[in-house]
Amino acid sequence: MEQQIRHKAKELLEGRTVECVIGYERATDGASARPLFVYEPEEVDKLIFDQTCTHNLVKYLLDKKEKTTAIIVKSCDSRALNLLLNEKQIEREKVFIIGVVCPGMVETKWNQVSQRLQPRCQLCRQHTPLNYDFLVGEPPAEEAPPAETYADVAEMEAKSVAERRAFWSEQSKRCIRCYACRQVCPGCYCSECFVEQLQPSWVGIRIAPAENEIWQTIRAFHLAGRCSGCNECERVCPVDIPLSLLNRKLEKEVWELFDFQAGLSAEAVPPFATFKKEEALGIGE
Amino acid sequence: MSPENPFIPYLATLKNVVTLTPEIKLLGLELDDPIVRDNFSYKPGQFTVLSAFGVGEAPFCLASVSSPKGELEFAVRRIGTVTSSLQELEPGTAVGVRGPFGNYFPLDDNKGKNIFIIGGGIGMAPLRPVINTILRNRDDYGRLLIINGARTPQDLVFQPEFDAWASSPGTQLELTVDRGDAGWTGRVALVPAVVVELNPSPENTIAITCGPPIMIRFTLQELRKLGFQDNQIITTLEMKMKCGLGKCARCNVGDIYVCKDGPVFTCEQISKFIEQF
Amino acid sequence: MTQTISRKNLLAWLSRLLEHRLLIAPTHTAEPILFRPVSKVEDIIFDFDNTAISPKEWFFPATETLFWAETTDGRIELVPATLEREAVIFGLRPCDAKGLALIDKAFLAEPADTLYQQHRDKTVLVGLSCRKAYPQCFCTSMGTAPDDPSYVDILLTQVEEDYIVQIITQKGKALLPDNLLVKSEVVAPPPPSPSVIPAEGIEEVMRQVFDSPYWSRLADRCVHCNLCAYVCPTCYCFDIRDYESKGKIERVRSWESCQSPGFTRQAGGYDPRAGKAARLRQRFYHKLLYFPESFGAIACVGCGRCVMVCPVNIDIRELIADIQKIGGPNVP
């Protein structure tokens, strides 16, 4: 797999089809991975691909809008890429998508690489990227849309309101509003995030449980129907808040209400970015 | 400021508000505590951090000349939340003052010299006390040449003082605008072009300039072409400041904090910064 | 000859302290180990590498009120925030203690930040030497060591079931009664050796490489998430804002970092450090050049938290080695 990726990257760079290839290389712990930007054909041998390559690289495309860029995507990443295409944040012609059939990612933190597949990968039934120009790896015989089982969400839903309240209050206490979750999320690309607005000031700068809850809740709502489940937010959180659970709750709601999951196609438009006259609630009629 | 906590402002009362241009108002403040008032002294170039309580704080250079029991004056341009809030205050409202902070224009070191002042828009605010200090100590300085530029005639700052400046001995006031209007019969030219036109000699002269970054950049070029050395050109550095105390590190450039080691610097000092903007 | 305290007596002493003071120690908080107040000594974790976030949050909290402004009868009155509680922080690693000493240089310089000073004055630092060097550690390259007593009030070094006690300051002496200490022949084992990085002369090299394309290459993968600054024992940038609620105004300061987009943006929109590379570069220059130039020491203690927490593995140890290669004395 790695050889194919390197070969393709070299070809694209030598032919000047792309200015840069965004992929993965080994991190300084010698075990996990980190993003790599390759600009010269001689550097392609640094590119790797294995079960530690969990990062979603799609967000970097937003920094490279003027240039043509090649990018390595797994299936979850490809959903994020489709989202950015849906929302007209990137141009299809400017991206060369190197799709990789994903073997599933293991749980990693710096210097802690386990053999265990990440929970989201255990549930995943879509190993082939949904959008690509070049495919690396053999697609498995049967593929199905991303998992419709939300067992973890259902488990939380089964608890009483008081229990849920207590759980999330406990999580908010640890939040330090580093905004790492926002910075790594491909869906969070507003040039001015609502937390930075001064007039009106929705959240402010105070780092305290009430404000933290508002931050997390509103961010989750802004991602409803848009979250691709890449889990970057939860991976980067320094205090281990289960952010994916919150996002998946809204993912479930949108699926139940609108029969829609984000990023399955490059053409579909998320429900909250769509206005259909027939859905108007009689206001103003 | 309270000696217990340098983040606590002195309380002051807004005494009067004068509209200078469509965007800029001159606010006059009086410190409430008479002891603080008597001891509050500052030099041209220094700034304070003003609080619009409930909204926030922002740094403003002092546009007045220091005197005991004197009013503190600030030229405030409407541009963000704090400035908008300050502009809407009624006289009699409480305002917070922290300071004075920063360094000042080296007027004492340059007595006997000719002073060439080049200001654009709100950049005239820190230059006004320089001009007024020179005029109050006229014999201590040589020729005073002032360029005051703005986008349009309405935006020229400190118009009520132009007559007094222009009629002072040995003083030349040159106004200029980027765009004239129906009633304007004066010069229409960018500030750097006026520097070229006036062609002052750098001999025994220092130049002090303040204005939009782009104006300063081109003004510097012209001054250098005229033969001004970098240590003869003085300006104020603009960086976002928050605490004014050298603690929050927002205004850090190289090994200096603009709020503590500046905002006044010579071009020679600025050219040595590792980071150039 | 050393002084030791048994584990049993140590726990008894800490329990007694709990009666009158806040006892802050490493403890589990659902997942990561953090410094938090404990209500019983059983909650203290003794076997840990280091906490996810540095203990600076107990001296320079993530959010802190500076003062309140109250209006009564049309007159405004400013009420400064004060700190009442006395505290002990237990389990502080020498690197983190040095971190506080570095923040002191900035915050206690004239005019002193009196709130921070109150936190420092009213907290006793009980340090715990490191028995192991962890893969992310490099404290000895940053001027401290796993058993460095310089910046704490009391330093404990565990030797089997006992702890060698070094009383460093008067504050420490006042806190720990002699009758709990036992004279002993026990000697501390040699401290562990964390990995060494080529930090020698880094300031001078940094001066040479400011305009290198290295910074924009590195910034390609930086996501500007603030994590490095927030977990760091020596980063101290903050923002100040006012809040109003029911007629009472509160001026609050909160952590911020030079990595945030818009950190240097001025009213009106001009931003001298709008680009990713300029912001990333600023953090390393502040730590490795500007802070030493202003205060005489590198603003890094080698705790390795930034290395562990960076989502994209921007590693200051790798950076220092790279910089030495690009700009060091051996470069022609």
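Everything numeric here is computed off the predicted structure, so don't read it as measured data.

Enquirer: Go over the interface of chain C and chain B with me, naming the residues and quoting the values.
Expert: One widely used convention gives an interface's size as the accessible area the parts lose upon coming together. Facing 36 residues of chain C, the contacting portion of chain B comprises 33 residues. Looking at the side of chain C that touches chain B, the elements that each hand over two or more residues are strand 4 (63–72), strand 5 (75–80), helix 2 (94–107), helix 3 (114–121), strand 11 (238–245) and helix 8 (276–295) of chain C. Take the side of chain C that touches chain B: its biggest share by element is six residues, from strand 11 of chain C. When the residues that make up the side of chain C that touches chain B are grouped by side-chain class, the tally is 22 nonpolar, six polar and eight charged.

Enquirer: Could you give an account of the confidence of the model for chain B, naming the residues involved and the relevant values?
Expert: As a note on interpretation, predicted positions should not be read in detail where pLDDT is low. Taken residue by residue, chain B gives an average pLDDT of 93. The fraction at 70 or more is 99%. Here the predicted complex carries an ipTM of 0.91, next to a pTM of 0.92.

Enquirer: I'd like to hear about the sheet that holds strand 7 (residues 114–120) of chain B, residue by residue, with values.
Expert: All names here are of chain B. The strand order 9-8-7-10-11-14 describes an open sheet built from six strands, whose pairing is mixed. The sheet is open, and its two borders are formed by strand 9 (171–177) and strand 14 (264–266), each paired with just one other strand. Within this sheet the neighbouring strands show an average axis-to-axis angle of 15 degrees, counted without direction. Strand direction decides the pairing type here: strand 7 and strand 10 (residues 205–210), joined by six bridges, are parallel. Across the sheet, Phe116 pairs through a bridge with Ala207, a residue of strand 10. Of the strands in this sheet, strand 7, strand 8 (144–150), strand 10 and strand 11 (233–236) touch helix 3 (residues 124–136), which is tilted by about 155 degrees from strand 7.

Enquirer: Tell me about the environment of Leu29 of chain B, residues and numbers included.
Expert: Residue and element names in this part refer to chain B. Structurally, the position occupied by Leu29 is in strand 2 (residues 24–31). Considered as a pair, Leu29 and Val97 are 68 residues apart in the sequence and their alpha carbons are 9.2 Å apart. Excluding anything up to four places from it in sequence, Leu29 contacts Ala12, Thr13, Leu14, Lys15, Glu71, Leu72, Val95 and Val97.

Enquirer: Describe the domain arrangement of chain A, and please don't skip the residues or the numbers.
Expert: Residue and element names in this part refer to chain A. One can read the domain layout of chain A as domain 1 (2–136) and domain 2 (151–273). The centre of domain 1, based on its C-alpha atoms, is set 24 Å off from the matching centre of domain 2. Taken together, the 20 residues of domain 1 in the interface contact 20 residues of domain 2. Sort the elements by how many residues they give to the side of domain 1 that touches domain 2 and helix 2 (residues 75–86) lands first, with nine residues. In the side of domain 1 that touches domain 2, the residues fall into eight nonpolar, seven polar and five charged.

Analysis parameters
- Residues numbered from 1 in each chain as written.
- Chains lettered and ligands numbered in written order.
- Predicted model: local features only at pLDDT ≥ 70, side-chain atom pairs only at ≥ 80, totals over all residues.
- Contact = placed C-beta atoms within 7 Å.
- Helix = DSSP H or I, 4+ residues; strand = E, 2+ residues; numbered from the N terminus.
- Nonpolar A, V, L, I, M, F, W, Y, C, P; charged D, E, K, R; others polar.
- pLDDT = per-residue confidence, 0-100.
- Pairing = 2+ DSSP bridges.
- Axes fitted to C-alpha atoms, helices over the stretch in contact; angles between N-to-C directions.
- Domains from an automatic or database assignment.

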